[in-house]
Amino acid sequence: MARAVTQKRKLIATLAAWTIGMAIFFPIFWTILTSFKTEAEAISDPPSLFWFDWTLENYGVVNERSNYPLHFMNSVIISVGSTVLGLIIAVPAAWSMAFVPGKRTKDVLMWMLSTKMLPPVGVLIPIYLISRNLGVLDSRVALVVVLTLINLPIIVWMLYTYFKEIPGEILEAARMDGATLKSEILYVLTPMAVPGIASTVLLNIILAWNEAFWTLNLTAAKAAPLTAFIASYSSPEGLFYAKLSAASTMAIAPILIMGWFSQKQLVRGLTFGAVK
Amino acid sequence: MSTQHSRTAARFMIAPATVLLLGWMLIPLCMTLYYSFRRYRLLTPDRTGWVGFRNYENFLTNPAFMDALVNTLVLVLGVLIITVVLGVLLAVLLDQPMFGQGIVRILVIAPFFVMPTVSALVWKNMFMNPVNGLFAYAAKAVGLQPYDFLSQAPLASIIGIVSWQWLPFATLILLTAIQSLDSEQMEAAEMDGASPLSRFWFITLPHLSRAITVVILIQTIFLLSIFAEILVTTNGGPGTASTNLTYLVYAESLLNYDVGEGSAGGVVAIILANIVAIFLMRMIGKNLDA
Amino acid sequence: MNTTLRALLGATALCTVASVASAQTLTIATVNNGDMVRMQGLASEFEAQNPGIELEWVTLEENVLRQRVTTDIATNGGQYDVMTIGTYEVPIWGKQGWLLSLNDLPEEWDADDLLPAIRDGLTVDGELYAAPFYGESSMVMYRKDLMEEAGLEMPDAPTWDFIREAAAAMTDRENEIYGICLRGKAGWGENMAFLTAMNNSFGGKWFDEEWNAQFDSEAWANTLNFYIDMMNESGPPGASNNGFNENLTLFQTGKCGMWIDATVAASFVSNPDDSQVADQVGYALAPDNGLGRRGNWLWAWSLAIPAGTDSPEAAKAFVQWATSKEYTALVAENEGWANVPPGTRTSLYENENYADIPFAQMTLDSINSADPTNPSVDPVPYTGVQFVAIPEFQGIATAVGQQFSAALAGQTSVEDALANAQELTTNEMEDAGY
């Protein structure tokens, strides 16, 4: 009897969750589907679901018009680069905040977060002028640095919350054993913080991959990532739903696939210290 | 002695992050402040000079400013309410035993990986377009007049799009928090005959308060500077119906090419963001230390 | 001795040019319109002819492009060697000294062949600052079949009253056929381009000769009321978000009876690959009110070279190639005459291959009937048909466009929209020191 009830409950939960899940996913599914239609089919009335002539034409057109591999590589370099650089700066900072908290630690942390609230458009011209004077317009280096700075507060905070969960006694034991600061971080702390670091890395790659203001405004041809690639399909003359869908699919597929494969790691660490 | 040593080391380790962020914040901020008191129009760069508070006056007396302020608040609050409420419900649902939980979770988190520009373009053209969008087809299929989302309810439409992007994030954090809930406590409550609703209200929800605070904090940071979605879908219109502060600053500095007034707007936006920040920090600080 | 020296000098000069030209990269910023995309596809020909020059493309949507190139040139960022800009930017940027003069393009490029109205629009104080890639005016495109069903006949030069009457007669909301599609999306290059040109034909203007804003005039009230009433009677839903592209899609899918927009659209709506109504499209001049001005505009997407470029010679070589008669022939050979960039050269319209194109003559007539130096019925202190060629215009017109777009969406009244427009224009102009 009780078993039957749980079984029934499980079925209802399954049904509800699948319905909602598919509804949430539907726009992405529809974009991918449309990318395989012809332009006329893409706006046909009534819309066609699966029974249409599948075509790869749009992907061909997009590939011919844009240098997708270049944009893709730029996106990879910029998002990975800024994440790595961010980690190098943030790990020591988060470590010391978590284990040697001072009176103002909390304030410093909150101040760092508040820098993220600055509207980027307000400082575009100054940053543009600085980049020009340094000669780094349209360079990946500039984007790596800018995106590192933008995401640094989030990195520091995420790491800080993980580090805080690590019991201090373990570190003290290590210190007793004569571990230096360096080896303390390297051999004791880091392994324990791996899930946290992993999800920090993933979240930052996602944020950097999707950042569309600086990446569009500080680049031209050489360093332009996929966000700029999308901007050339956004509203051209003529029918464009299918081509837009193909370009969109190409722009989001890498990060979507990465996200799906690593979702366990992402979820495990994505708590910002919210779980206690 | 050892503490002294590690304190120095700690300062040393915080330094790079602090100095960099300080530089990142101060250098553009100082330049923005400087420009905000000057006449600097990109298209007539030869006519410059100090203008006192003229730029601030223009920005603050612009009728669009109040609209933008209200829109910003509505946008942030709207998305927060939707994502938190739906996020809690969805998290509770996903926590139930079911078939194919992993796949459902993948479906639910997918929107989080989509670039804001892409999601705005897709929603605008393929769903909300009143002639060729899917919603219009659906309306026509059941005999209704297609609704013109982006001109009749621009801000609500944008709230919808942004909520779709952020719902996965809220759901994920809340789900993690729910999963950490002590199941013994739940079972004990069940034994005592507490209804599912009261169990949710008295046990689950209080347990989630911390996670909800975190969701609010992180999302507010990103929602205050929503920009791409507005640029792509409505250009802040019709009128100023969907202009938020970020978009207004953009319009001044890059559509009007008035860097002076844009900078003044930037400074105003920074001040307002900091007020929100202080308010949030108070709230968070209380909740996070507890 | 003298000749030897000269020859030597010439040789050295050639060498320098050659060595400078070798392995140069040109960064070209273009808008993602069909003709530009076609040029990008054919540019391998240019690279083959000029082995020393490599091309890099930055293809962006119009508004993003405009913002990017303006920021870059005004801050002397130097990211681009060739920029695609329009007739609005050229006079302003030319005056600022931001562009290289193209007066020294070689004889065979044939500057005298350019259509006079277009050439004038790109010339400042006798210096040609940009080479026109394609030119456009605006005209009425209509569905012959629907017009016939409605029992009406489109004259070659219709009046606004006829357009409104025909639009109402063609509208069939049940079957999603809307008599008239017009731009409603806010922007100085979107709804304001259309409305400014329309206002000219209603006898209105932006500024009087003392630079006073004219939104409190009767002409503007008439223009805006007529436009909004007609759109409410016979326009499609969501018109306040429709720009060129949205209307193009509507027309191509058979949902518009008439569409008044850029002449370049003719090649899209008459192309059977993209358009479901390709064989039913007719053309007419933009409407008027019998006041001596028609509601059509003049625009040319043009290639210009920023003064800060590292490779002026290579950039000139490219601009010359892309706007030459040979390029037109190349497109004709590869894609057919209907797809050559229109509206820039007299020779194209004298070419008998091109005369067969149904919209060729109407395009030429429309371009020729626009007068950027004398756009309004009354004398005005500015040039430009659907714009005012002053730096402040795009900011003001975009803000005004927001007001008019809100009025179209029914969120403000026409009176309020005009009053707001008047106030914000007056403030901005005072601020700018007029």
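Reading the values: the criteria
Residues numbered from 1 in each chain as written. Chains lettered and ligands numbered in written order. Predicted model: local features only at pLDDT ≥ 70, side-chain atom pairs only at ≥ 80, totals over all residues. Helix = DSSP H or I, 4+ residues; strand = E, 2+ residues; numbered from the N terminus. Rg over C-alpha atoms; globule rule 2.2 N^0.38 Å. Buried ≥ 20, exposed ≤ 12 C-beta atoms within 10 Å, placed from the backbone. Contact = placed C-beta atoms within 7 Å. Nonpolar A, V, L, I, M, F, W, Y, C, P; charged D, E, K, R; others polar. Core = buried A, V, L, I, M, F, W, Y, C linked by C-beta atoms within 7 Å. UniProt positions renumbered as here; feature names shortened; annotations may be inferred. Domains from an automatic or database assignment.

Engineer: An account of the overall build of chain A is requested, with residue identities and associated values reported.
Structural biologist: Counting its regular elements, chain A contains 13 helices and zero strands. Against the compact-globule benchmark of 19 Å for 276 residues, chain A has a radius of gyration of 23 Å, which places it well outside the compact range. The dimensions of chain A, computed from C-alpha atoms along their principal axes, are 75 × 70 × 30 Å. For chain A, buried positions account for 53% of its 276 residues. In chain A, once contacts between residues fewer than 6 apart in sequence are set aside, the share between residues at least 24 apart is 81%.

Engineer: Report on the overall build of chain B, specifying residues and quantitative values.
Structural biologist: Within chain B, the regular secondary structure consists of 13 helices and two strands. For 290 residues, the compact-globule estimate of 2.2 N^0.38 gives 19 Å, and chain B exceeds it by more than 25% at 24 Å. Taken over the C-alpha atoms alone, chain B extends approximately 80 × 80 × 30 Å along its principal axes. For chain B, the residues scored as buried account for 51% of the 290 residues in total. Considering only intrachain contacts with a sequence separation of at least 6, the fraction spanning at least 24 residues in chain B is 70%.

Engineer: An account of the interface of chain B and chain C is requested, with residue identities and associated values reported.
Structural biologist: At the interface, 24 residues of chain B touch 27 residues of chain C. Put simply, the parts of the chain that give the side of chain B that touches chain C at least two residues each are α7 (149-152) and α12 (245-255) of chain B. Class assignment for the residues of the side of chain B that touches chain C results in twelve nonpolar, nine polar and three charged.

Engineer: Run through the nonpolar core, naming residues and quoting values.
Structural biologist: Membership of the largest hydrophobic core comes to 307 residues, with the highest contact counts inside it found for A94 and V156 of chain A together with M141 of chain C. Among the elements that make up this core, the one with the highest residue count is helix α7 (residues 140-165) of chain A (17 residues). The residues contacting V156 of chain A, other than those within four sequence positions of it, are A90, A93, A94 and M112 of chain A together with A17 of chain B.

Engineer: Describe the interface of chain A and chain B, naming the residues involved and giving the relevant values.
Structural biologist: With 75 residues of chain A at the contact, the number on the chain B side is 78 residues. At 16 residues, helix α1 (residues 2-34) of chain A tops the list of elements feeding residues into the side of chain A that touches chain B.

Engineer: Tell me about the environment of S270 of chain C, and name the residues and values.
Structural biologist: Residues and elements named next belong to chain C. Positionally, S270 belongs in the loop between α11 (265-269) and β9 (281-285). Residue S270 is classed as buried on the basis of its 20 C-beta neighbours within 10 Å. As a C-alpha pair, S270 and Q280 span ten residues in sequence and 8.2 Å in three-dimensional space. Setting aside residues up to four positions removed in sequence, S270 forms contacts with S275, A278, V281, P358 and F359.

Engineer: Lay out the UniProt feature "transmembrane region" (unreviewed entry) in chain B in plain terms, naming residues and giving numbers.
Structural biologist: Residue and element names in this part refer to chain B. Residues annotated by UniProt as "transmembrane region" (unreviewed entry) correspond here to residues 12-37, 68-94, 106-123, 155-178, 208-228 and 264-284. This span, residues 106-123, is 67% helix and 0% strand, and a straight line between its end C-alpha atoms measures 20 Å. Within residues 208-228, the helical portion is 81% and the strand portion 0%, while the C-alpha atoms at the span's ends are 31 Å from each other.

Engineer: Please give an account of the UniProt feature "domain: ABC transmembrane type-1" (unreviewed entry) in chain B that cites residues and values.
Structural biologist: Here, the residues flagged by UniProt with the feature "domain: ABC transmembrane type-1" (unreviewed entry) are residues 69-280 of chain B. For the annotated span residues 69-280 of chain B, helix accounts for 77% and strand for 0% of the residues, and the straight-line distance between the end C-alpha atoms is 18 Å.

Engineer: An account of the domain arrangement of chain A is needed here, citing residue identities and associated values.
Structural biologist: All names here are of chain A. With domains assigned, chain A is organised as domain 1 (2-59) and domain 2 (66-269). Distance from the C-alpha centre of domain 1 to the C-alpha centre of domain 2: 32 Å. Taken together, the eleven residues of domain 1 in the interface contact eight residues of domain 2. Going through the elements one at a time, α1, α2 (39-42) and α3 (57-65) are the ones with two or more residues in the side of domain 1 that touches domain 2. Considered class by class, the residues forming the side of domain 1 that touches domain 2 number four nonpolar, five polar and two charged.

Engineer: How would you summarise the UniProt feature "transmembrane region" (unreviewed entry) in chain A if you had to cite specific residues and measurements?
Structural biologist: In the numbering used here, UniProt assigns the "transmembrane region" (unreviewed entry) feature to residues 12-33, 76-96, 108-129, 141-163, 184-209 and 240-261 of chain A. Note that residues 240-261 of chain A is 95% helix and 0% strand, and that its end C-alpha atoms are spaced 31 Å apart.

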